[in-house]
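Architecture and fold: a report
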Amino acid sequence: MIPRARPNYRFKDLLKAAPKSRDPGPASAEVAERLRDILGLPYVLLTPSGRGALYILLKATPGAEVLIPSYTCSAVAEAALLAGKQPIFAEHGSLSYNQSVDDLAPHLQDGRTYIATHQYGFGAPIEAMTDACRSAGVTVYEDIAAAFGTRVNGRLAGTFGAACFGSFDTTKLVNAPLKGGFLATADPDLFRRAQNVAQGELRTMSVMRKMALIGAAFVLVGLRNPLLYKAFHTLNFAWRGRATAESGELRTTPSEVYLDKFADWQAQVVLPQLDGFEDTIRRRRANYQLLRSRLQHLRKVALPPEDAGSEWAPIRFPVLCDDDKMNYYERGVGKGMDFGFSFTKIAAPTAHVSAHTIAAGVLNLPFDAALTPMEIETMINVLTELEAT
Ligand SMILES: *Cc1c(COP(=O)(O)O)cnc(C)c1O
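The paragraphs below set out a description of the structure included in this document.

**Focus on the packing of helix H12 (residues 277-294) against helix H15 (residues 373-388)**
- It is the contact of H12 with H15, at a shortest axis distance of 11 Å, that shows an interaxial angle of 30°. Compared by their axis directions, H12 and H15 come out roughly parallel. Note on packing geometry: the crossing formed by H12 with H15 is right-handed. Touching Asn 287, Leu 290, Leu 291 and Arg 294 of H12 are Ile 376, Glu 377, Met 379 and Ile 380, all from H15.
- Taken together, the residues of the contact of H12 with H15 sort by class into five nonpolar, one polar and two charged.

Written as structure tokens, this is what we have:
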């Protein structure tokens with residue numbers, strides 16, 4: 001079975017990382033340096049997750065209200081609530097993963113912060129967004145959890161707003177066991193405030209936590225084997241009568257993925273991936289374009305948007321089912337292809353019909369950096385067969 005996601009590290013990376021410290025150290029200093037370099041932003045703070053980075057950023061931000069796209073990761077609203085902010089959801093005017101400037105217009109009020117999101121690595125209309133926000137006195141933080149390496153009109157996503165945050169979750173471009181993240185900014189005052197928040201709240205991860213994370217990472221690497229993956233899928237999903245572990249429930253207290261410092265051993269897993277950063281992006285971009293061009297005949301699902309400028313770093317290939325998504329999923333699984341479900345559970349009010357229609361219809365094709373040409377052919381065949389029935 002083609003897995004829904006495979007990590008971008010191997011056993012040897014984990015073996016090399018395992019002896020390293022639970023505290024920040026030389027590897028984490030180097031990761032931060034490389035991120036400063038890539039993003040061209042002078043201040044970078046490594047965090048235990050993308051949501052953890054947003055939590056710190058928002059705690060360091062004045063103003064009570066945070067404007068959030070209605071269709072996005074539910075962890076964004078969770079982080080805002082945990083940071084003591086009031087989330088305000090901006091509905092999408094169409095069934096588009098990214099928002100348009102018009103979607104923001106009704107909500108632009110002085111003192112708010114907008115989380116501008118480049119969903120799944122697809123470049124958002126960020127220039128128009130920052131212009132509209134600037135005129136209204138709204139601060140823009142860019143969510144590049146899914147869009148590290150994406151460019152918009154030649155400029156890197158994350159460099160348009162007052163700050164950005166990224167993620168090293170297993171489903172993103174760069175993977176740390178089992179999560180990690182960063183915030184970055186050119187604003188020294190904001191950075192100092194964020195550092196103070198981090199200093200006051202973050203602690204070293206426990207020995208138990210490190211062992212559990214390394215153990216889970218070994219399992220994830222092991223699951224690259226198709227037979228083991230098939231067994232895992234049956235145990236974890238089919239027999240348990242569920243298709244995703246995503247619950248959509250928002251936590252009311254910050255967990256380890258908010259409060260554990262990003263460790264040196266985790267940074268050691270990330271480092272080699274930063275060497276291969278441009279390569280990974282090129283491969284993913286080419287696969288994205290290939291899948292899009294070879295799947296134009298599909299009628300049961302809608303394809304994701306075109307990367308017209310060849311400048312995105314896509315981490316998902318979502319399709320939108322117009323009828324029974326679970327039926328489509330199960331028939332795909334029967335033919336040897338798994339799907340991911342993010343984001344099926346969203347935090348926006350149910351009255352936000354566009355966002356909920358996207359969430360109800362979305363399925364992610366397997367789309368990791370390890371995808372082989374043969375797997376791509378298999379996926380195209382499976383999806384073509386699903387049209388016929
Ligand atoms: C993954 C993701 C997040 C959260 O990142 P974590 O590292 O899982 O906390 C936030 N926003 C978007 C758009 C994401 O894709």
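Further notes follow.
**Points about the site of the ligand**
- Residues in contact with the ligand amount to 16 residues; listed here are only the nearest, Arg 51, Asp 143, Ser 167, Lys 172 and Lys 179.
- Separating an oxygen atom of the ligand from a side-chain N or O atom of Arg 51 is a distance of 2.7 Å.
- One nitrogen or oxygen atom from the side chain of Ser 167 is found 2.7 Å from an oxygen atom belonging to the ligand.
- Against a free-state accessible area of 380 Å², the protein chains account for coverage of 97% of the ligand.
- Across the shell around the ligand, the residue classes break down as five nonpolar, seven polar and four charged.

Procedures and definitions
Residues numbered from 1 in each chain as written. Predicted model: local features only at pLDDT ≥ 70, side-chain atom pairs only at ≥ 80, totals over all residues. Heavy atoms only, no water. Axes fitted to C-alpha atoms, helices over the stretch in contact; angles between N-to-C directions. Helix = DSSP H or I, 4+ residues; strand = E, 2+ residues; numbered from the N terminus. Parallel < 35°, antiparallel > 145°, perpendicular 65-115°, else oblique. Left-handed = near helix turned anticlockwise from the far one by under 90°. Contact = heavy atoms within 4.5 Å. Nonpolar A, V, L, I, M, F, W, Y, C, P; charged D, E, K, R; others polar. Near = heavy atom within 4 Å. Polar contact = N/O pair within 3.5 Å; in protein donor to acceptor, adjacent residues only side chain to side chain. Areas by Shrake-Rupley, 256 points an atom, 1.4 Å probe, with all protein chains shown as cover.

What is shown is where atoms sit, not what they do.
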